[in-house]
Amino acid sequence: MYELSTGRDRRDFPEPPADLPTRPDRAPLLELNAVLHRACAPDPRQRYPDARAMLADLEHLDAGESVRARHALQRRWARVKRVAAPVVGILLVAGLAWGAFRSGRQTQPAQTPVAAVVSPHSVFVLPFRNGGTNGADWDLCDRVTEAFIDSLGLVPGVVVGPRKSGWVGLDEEQLLCSLSRTNAMRHVLTGRVAIEGETLSLGLRLFENDADPPVWAETFTGTTNQLIEFERRGLAGVLARFEVAVPEETQGRIDRLLTNNLAALGFARQARNQHHARGDVQQAFTEGMRLMQRALVADPGYVDADYMDVFFLRSVALDRAPAELWPNVRRRLDAVLTRDDTHTAALNELGGYFLFFERDWQAYDALHEREFALRSGRDYHMLQAFWLRISGRVEEARKEQRLSEDPEPMDFARFAMCSSRWAQREYESCIQVARRTLELFPGHADGYYWLAHCLVAKGDYAQGIAAIAESQAVQERQELTALLAVAHARQGERTKAEAVLGELLGQQRSRPYLNPYFVARVYAALGEKEHAMDWLQKAIDDRCEHLFIPDWGGLRTDWAWDGLTNETRYWHLCEQLAMGKDQWPR
């Protein structure tokens, strides 16, 4: 049906067109699109089990019900059943034992259950949505959401639900219905922030139980520098519905919170801009961490800044092995997820901890399943593509990657476009993306980085060495020093390669930690297989991420190891990572 109506291969179906948000029939089109996506899923396990199941979805759609919400509910229920089965068995055994114990005792009068008490002044704040055209303002929406959660939580007598940032990608109307039935809050507050140039609007709606329309709604419109004023007026509107008084001291704390909220947002934005403008280099990480720490001083409750500080800390810590750093990162991530268990970036990073440090593939997969349930659109496809590449399922990853890509992205997505092509050995395509990145961002370290890697990989050593020199002029990186040695070795200049290797090994005197993965690549290029595998063993002991991630290397994907695949020891190394011949692709 899809191929007949569009003329396209069912395995290459696109996202809805860009002008869809302006159409009056947007909602039903998205619902129909969900049916088509499931019917045409490349993985047969994700398709409808039979025509009867697809007909049921079409009938629900015809009745005006949300098929997307049903699919999300089915995915969650499937995960619950997988977890619940062993738990139910344990509870059944425990119940039988308890019943046997009770049978020997005198029966006691039954107790009347106490009904759950719902506070009349309780509110669940849904993540505020970005209603503007600038997609980069998602962090502003997060900060306004937190301003309302934290400020309402300061008012005596008002109960506020936990932060759920990951829910921003889920259907808002469905969440409203679910929350009214499942959480112990009397009200739900929703918000939408839109910025067009210098014009700002903040729209708020307060619902009570299943009430529709909202019991209170208001939209504030003005200039962007009126944000704090609009936050203050919005809070006053909500509290007026609750008929609670705000003590003067509390109002002062709220005012300071809102001011610091905006200052913290500024520091966090500067940090992200440093990272995106310079690429994944130590200077960007160091400056980003400094700015994130300033954001946390301005607003200690800034969850996203807390996470980004952990991200920069892990990225900049070149003074010790990852094995020494990961336990501290784990503790910091647990603290973030305790405050917001739907924080998608923290879930992703915690999955990395389980894979890189614990080498627990099942825990890694489970964390990503939690994250998948909170992602949508391009973010969902990009995450799926990354996960599939790590699992060795390259063809499936390639399809997901195509669905994730904007024709001309202006942010870190360009890095993913390069790294994914390098991992899939599509070097010419990666070179084109890297050159375009350098046109848009002259001097961008990652543009040079991927250009150099792909030129060397395809055998264009002269241009590759020139790109390495340009990249090192922007920011010196260990892996590029190693790549220079690899380029010399592959073109037969062994003396030059050994000289660069000596320089790389000498860096241990100025940098306490040298990533053994890079050294192993040089020895492999020199044909010294045992030395290469000695350094790979050290990389395994040090818990180096490069061993797993095809976008940076990968013990089963990096072309540097093509000459080791006939060695028994190489496969023993793979088995230590659960990536042996019979274990991978997964």
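Residues numbered from 1 in each chain as written. Predicted model: local features only at pLDDT ≥ 70, side-chain atom pairs only at ≥ 80, totals over all residues. Heavy atoms only, no water.

## Concerning the overall build of the chain
So the rule is basically this: Only DSSP runs of H or I covering at least 4 residues are called helices, and only runs of E covering at least 2 are called strands; the numbering of each starts at the N terminus. A 1.4 Å probe rolled over the protein chains alone gives each residue an accessible area, and that area as a share of the maximum for its type sets the label: buried under 20%, exposed over 50%, partly exposed in between. For this analysis, residues touch if any pair of their heavy atoms sits within 4.5 Å. The Shrake-Rupley method, run with a 1.4 Å probe sphere, supplies the accessible areas, and residue values consider only the shown protein chains as cover.
For the chain, the helix and strand inventory stands at 24 helices and 6 strands. When the 586 residues of the chain are sorted by exposure, 48% land in the buried category. Here the analysis covers contacts within the chain between residues at least 6 apart in sequence; of these, 60% occur between residues at least 24 apart. As presented, the chain carries roughly 28400 Å² of accessible surface, and 54% of it is formed by carbon and sulfur atoms.

## So, the pattern of salt bridges
Selection rule: Here a salt bridge means any side-chain nitrogen of Lys or Arg lying within 4 Å of a carboxyl oxygen belonging to Asp or Glu.
Summed over all chains, the structure comprises 38 salt bridges. Between Glu-172 and Arg-129 there is a salt bridge, and its shortest N-O distance comes to 3.6 Å. Placement of Glu-172 in helix H6 (residues 172-182) and of Arg-129 in strand E2 (residues 129-130) is noted, with a sequence separation of 43 residues between them. The same class applies to Glu-172 as to Arg-129, namely buried.

## Quick notes on the packing of helix H14 (residues 377-390) against helix H15 (residues 394-404)
Selection criterion: For helices, the axis comes from a line fit to the C-alpha atoms of the stretch in contact; other axes are also lines fit to C-alpha atoms, and the angle between any two N-to-C directions lies between 0 and 180 degrees. Angles are sorted into four bins: roughly parallel if under 35 degrees, roughly antiparallel if over 145, roughly perpendicular if 65 to 115, and oblique for all others. Two helices crossing with the near one rotated counterclockwise from the far one by less than a right angle form a left-handed crossing, whereas a clockwise rotation gives a right-handed crossing.
Relative to each other, H14 and H15 sit at 160°, their axes nearing to 8 Å. Taken together, the axes of H14 and H15 lie roughly antiparallel to each other. For the pair H14 and H15, the crossing hand works out as left-handed. Of H15, the residues touching H14 (which contributes Arg-378, His-381, Met-382, Gln-384, Ala-385, Leu-388 and Arg-389) are Glu-396, Ala-397, Glu-400, Gln-401, Leu-403 and Ser-404.

## A few points about the packing of aromatic side chains
To keep things clear, this is the line we draw: Any pair of Phe, Tyr and Trp rings, taking the six-membered ring for Trp, is counted once the centres come within 6.5 Å. Such a pair is stacked with planes under 30 degrees apart, edge-to-face with planes over 60 apart, and tilted for the rest. Charge-over-ring contacts are defined here by two conditions on Lys NZ or Arg CZ: a distance within 6 Å of the ring centre and an angle within 35 degrees of the ring normal.
The tally for this structure, following the rule as stated, stands at 16 aromatic pairs. Arranged with centres 5.4 Å apart and planes meeting at 45°, the rings of Phe-128 and Phe-148 form a pair that is tilted. Of this pair, Phe-128 sits in the loop between strand E1 (119-125) and E2 while Phe-148 sits in helix H5 (residues 138-154), and the two are 20 residues apart along the sequence. You'll find Phe-128 and Phe-148 in the same group, each marked buried. Connected via pairs of aromatic rings, a cluster forms that spans Trp-326, Tyr-353, Phe-354, Phe-356, Phe-357, Trp-361, Tyr-364 and Phe-548. The positively charged end of Arg-521 is found above the aromatic ring belonging to Trp-559, 4.8 Å away from the centroid. Geometry around Phe-357 places Arg-543 over its ring, the cationic atom sitting 5.4 Å from the centre.

## A short note on the confidence of the model for the chain
Under the convention used in this document: The pLDDT value expresses, per residue, how confident the predictor is, ranging between 0 and 100.
Per-residue pLDDT for the chain averages 81, and the proportion of residues at 70 or more is 79%. Contacts for the low-pLDDT stretch residues 6-11, under 50 throughout, to residues beyond four places or in other chains number 12 contacts.

## Overview of empty space enclosed by the protein
Here is the rule we go by: Definitions used for this entry: grid spacing 1 Å over protein atoms alone; cavity, a set of points where a 1.4 Å probe fits but cannot get out; pocket, an open set with protein on both sides within 12 Å along at least 5 of 7 lines; lining residue, one with an atom within 4 Å of a point. Grid points are joined across faces, edges and corners, and a volume is the space filled by probe spheres set on the points. Basically, the charged four are Asp, Glu, Lys and Arg, the nonpolar ten are Ala, Val, Leu, Ile, Met, Phe, Trp, Tyr, Cys and Pro, and anything else, Gly included, counts as polar.
Summed over all chains, the structure comprises 4 cavities of 30 Å³ or more. When its volume is computed, the largest cavity comes out at roughly 60 Å³. Secondary structure elements with two or more residues in the lining of the largest cavity: helix H18 (445-457) and helix H22 (516-525). Partitioning the lining of the largest cavity into residue classes produces 5 nonpolar, 2 polar and 2 charged.

## Here's the deal with the packing of helix H11 (residues 322-339) against helix H12 (residues 344-357)
At a minimum axis distance of 10 Å, the contact between H11 and H12 shows a crossing angle of 150°. One way to sum up the angle between H11 and H12 is to call them roughly antiparallel. Of the two elements, H11 crosses H12, and the hand of that crossing is left-handed. Counted together, Ala-323, Trp-326, Pro-327, Arg-330, Leu-333, Asp-334, Val-336 and Leu-337 of H11 and Ala-346, Leu-347, Glu-349, Leu-350, Gly-352, Tyr-353, Phe-354, Phe-356 and Phe-357 of H12 form the full contact between these two elements. Looking at the contact of H11 with H12 residue by residue, the class counts come to 13 nonpolar, 1 polar and 3 charged.

## What to know about the side chain of Asp-558
Put simply, the test is: Throughout this description, a polar contact denotes any pair of N or O atoms lying within 3.5 Å of each other; where both atoms belong to protein, one of them has to be capable of donating a hydrogen while the other can accept it, and for residues adjacent in sequence the pair is counted only when both atoms sit in side chains.
Assignment of secondary structure puts Asp-558 in the loop between helix H23 (529-541) and helix H24 (568-576). At a separation of 2.8 Å, a polar atom in the side chain of Asp-558 contacts the side chain of Tyr-517. In this structure the side chain of Asp-558 is engaged in a polar contact, spanning 3.0 Å, whose partner is the backbone nitrogen of Ala-560. Discounting residues that sit within four places of it in the chain, Asp-558 has contacts with Trp-422, Arg-425, Tyr-517, Arg-521 and Gly-553.

## Let's talk about unusual backbone geometry
With omega at 5°, the peptide bond leading from Trp-584 into Pro-585 counts as cis. Inspection of the secondary structure assignment puts Pro-585 in the segment after H24. If you check the backbone angles, Arg-359 has positive phi at about 55° while not being a glycine. Mapped onto the secondary structure, Arg-359 falls in the loop between H12 and helix H13 (361-372). With a phi close to 65°, Arg-543 is a non-glycine residue in the positive phi region. Overall, the relative accessible area of 23% leaves Arg-543 in the partly exposed class.

## Overview of the pairing of E1
This is how the line gets drawn: Between any two strands, pairing holds if DSSP finds at least two bridges.
The buried count for E1 comes to 5 of 7 residues, which makes it a mostly enclosed element. In this sheet, strand E4 (residues 185-196) lies alongside E1 in parallel orientation, the contact comprising 4 bridges. By the bridge assignment for E4, Val-125 is matched with Leu-189. As judged from the 2 bridges shared by E1 and strand E3 (residues 159-160), these two strands associate in the parallel manner. Within E3, the residue paired with Val-123 across the bridge is Val-160.

## Some words on the nonpolar core
Our working definition: We define a nonpolar core as any set of buried Ala, Val, Leu, Ile, Met, Phe, Trp, Tyr and Cys residues linked to one another through side-chain atoms lying within 4.5 Å.
One finds Phe-128, Leu-547 and Trp-561 to be the most contacted residues of the largest nonpolar core, which totals 153 residues. With 9 residues, H18 is the single largest residue contributor to this core.

## Focus on the environment of Pro-156
Take Pro-156: it is sitting in the loop between H5 and E3. Sequence separation between Pro-156 and His-121 is 35 residues, and the spatial gap between their C-alpha atoms is 9.8 Å. Among residues more than four places away in sequence, those in contact with Pro-156 are Pro-247 and Thr-250.

## Quick word on the state of the cysteines
Counted only if it meets this: Counting rule for disulfides: a pair of cysteine sulfur atoms within 2.5 Å.
Counted under the stated rule, the structure contains 0 disulfides. Counting only cysteine sulfurs, Cys-454 is the nearest neighbor of Cys-430, a cysteine outside any disulfide, at a range of 3.2 Å.

## Focus on H11
How we decide: For a helix, the expected span equals 1.5 Å multiplied by the residue count minus one.
The end-to-end C-alpha distance of H11 is 26 Å, a good match for the 26 Å that 18 residues give at a rise of 1.5 Å each. Listed as buried for H11 are Pro-322, Leu-325, Trp-326, Val-329, Leu-333, Val-336 and Leu-337.

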